[in-house]
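# Structural overview
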Amino acid sequence: MKRFHVHVHVDDLAKSVAFYTKLFAAEPAKLEADYAKWMLDDPRINFAISTRGTKAGVDHLGFQVEDAADLAELAQRAKAADMALLDQGETTCCYARSDKHWIVDPQGIAWEHFHTLDNAPVFGEGSQQSPSSRASVCCGAQGKGADVPAKPAGSACC
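Position numbers for residues count from 1 along each chain, tracking the sequence in the order it is written. Given that the model is predicted, a residue must reach a pLDDT of at least 70 before its local features are reported, and side-chain atom pairs must reach 80 or more before they are shown or counted; all residues, however, enter totals for whole chains, interfaces and linings. Side-chain metrics rest on all non-hydrogen atoms present in the structure, leaving aside hydrogens and water.

The strand order across the open sheet built from eight strands is E2-E3-E4-E1-E5-E8-E7-E6, with neighbouring strands paired in mixed fashion. The two strands at the open ends of the sheet, each matched to only one other strand, are strand E2 (30-32) and strand E6 (86-93). Averaged over all adjacent pairs, the angle separating strand axes in this sheet is 25°, with direction ignored. For this analysis, residues touch if any pair of their heavy atoms sits within 4.5 Å. Between N-to-C directions, angles span 0 to 180 degrees; the directions come from axes that are lines fitted to C-alpha atoms, helices contributing only their stretch in contact. Elements are defined by DSSP. Helices are runs of H or I of four residues or more, strands are runs of E of two residues or more, and each kind is numbered from the N terminus. Where helix H1 (residues 13-24) meets the sheet, it contacts E2, strand E3 (35-41) and strand E4 (44-50), and its direction lies at approximately 10° from that of E3. Helix H2 (residues 68-80) rests against strand E1 (2-9), strand E5 (57-65), strand E7 (96-104) and strand E8 (110-119) of the sheet, and its axis sits at about 15° to E7. Strands are labelled as partners when DSSP assigns at least two bridges between them.

Further remarks concern the nonpolar core. As used here, the term nonpolar core means buried Ala, Val, Leu, Ile, Met, Phe, Trp, Tyr and Cys residues forming a set that is joined through side-chain atoms within 4.5 Å. Burial classes: relative accessible area under 20% of the type maximum marks a residue as buried, over 50% as exposed, and values in between as partly exposed (1.4 Å probe, protein chains only). The biggest cluster of nonpolar side chains holds 18 residues, and the ones touching the most others in it are Val6, Val8, Val17, Trp38, Phe47 and Ile49. Contributing elements (two or more residues each) for this core: E1, H1, E3, E4 and H2. Here valine 8 is in contact with Phe47, Ala48, Ile49, Ser50, Gly57, Val58 and Asp59, once residues within four sequence places are set aside. In terms of nonpolar packing, the next biggest core, distinct from the first, is built from five residues, Ala48, Cys93, Cys94 and Tyr95 among them.

The subject of this paragraph is H1. Given a helix with a known number of residues, its expected span is that number minus one, times 1.5 Å. Between its terminal C-alpha atoms H1 stretches 16 Å, which fits the 16 Å expected from 12 residues at 1.5 Å a residue. All of the buried residues in H1 are Leu13, Ser16, Val17, Tyr20 and Thr21. What you see down the axis of H1 is that its buried residues fit within an arc of 130°, all on one side. For H1, exposure combined with an orientation more than 90 degrees from the buried face picks out Ala14, Lys15, Lys22 and Leu23. For H1, the elements touching its buried residues are E2, E3 and E4. Any pair of nitrogen or oxygen atoms within 3.5 Å is treated as a polar contact; in protein, a donor-acceptor pairing is required on top of that, and neighbouring residues in sequence qualify only through side-chain atoms on both sides. For H1, the side-chain oxygen to backbone nitrogen distance between the N-cap and alanine 14 is 3.1 Å, and the N-cap itself is aspartate 12. In the segment just after H1, alanine 25 is the residue with positive phi, at about 55°. The reported arc concerns the directions from the helix axis to the C-beta atoms and nothing else.

Attention now moves to the side chain of serine 50. Its location among the elements puts serine 50 in strand E4. Reaching out from serine 50, the side chain makes a polar contact with the side chain of histidine 7 at a distance of 2.9 Å. When neighbours within four sequence positions are excluded, serine 50 is seen to be in contact with His7, Val8, His9, Val10, Leu13, Asp34 and Tyr35.

Below, the discussion takes up the confidence of the model for the chain. Within a predicted model, pLDDT stands for the predictor's per-residue confidence, ranging from 0 to 100. Mean pLDDT over the chain: 80, with 78% of residues reaching 70 or higher. Across residues 127-155 the pLDDT falls below 50, and counting only partners more than four positions away or on other chains, this stretch makes 97 contacts in the model.

Here we come to unusual backbone geometry. Following aspartate 42, the chain continues into proline 43 via a peptide bond in cis, with omega recorded as 0°. Among the structural elements, proline 43 can be located in the loop between E3 and E4. Notably, alanine 25 is not glycine yet its phi reads approximately 55°, a positive angle. Turning to its location among the elements, alanine 25 is positioned in the loop between H1 and E2. One non-glycine residue, aspartate 82, adopts positive backbone phi at about 55°. The topology assignment puts aspartate 82 in the loop between H2 and E6. Residue class for aspartate 82 comes out exposed when judged on its relative accessible area of 70%.

Take H2 next. Taking 1.5 Å of rise per residue, 13 residues should cover 18 Å, and H2 covers 18 Å from first to last C-alpha, within 8% of that figure. Those residues of H2 that sit buried are Asp70, Leu71, Leu74, Ala75 and Ala78. For H2, the arc enclosing every buried residue in end-on projection is 140°, short of the 170-degree limit, so these residues lie on one face. Residues of H2 that are exposed and point more than 90 degrees away from the buried face comprise Ala69 and Ala80. Buried residues along H2 sit against E1, E5, E7 and E8. Where H2 begins, one side-chain oxygen reaches toward the backbone nitrogen of alanine 69, 3.2 Å away; that side chain belongs to aspartate 67.

Here it is, written out as structure tokens:
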């Protein structure tokens, strides 16, 4: 089963946590100094916010899957549609260890497909960088290229 994922950059985490907690009628499942995440069942969504972006707004969309087989299916769909796919493999990002890959839609919106493996004590791995900006602390180790999807500059992940 899949869970829709939305990651939004916010300027003020405390105000945004208060707003979304009221909007969703639920406390965050994870709350850090720079990040919050709600795992909602109605609608089935992983909604995350962070202060790590360059500007406020939607950073990326995606699907969180429950097992490696579902993740492989999403990768096959992307390959069958001739979408450029950045297979990031196992990485630490957004206080979680995940296996993931990225695609980018025709408008330039990044889509993250991931299977969460475990919690992590840090936001991301220092050696990991954004596919497009090479400046982020997570989300890929490659830059733009003909076969590599480009995430928007300054994008975070998860």
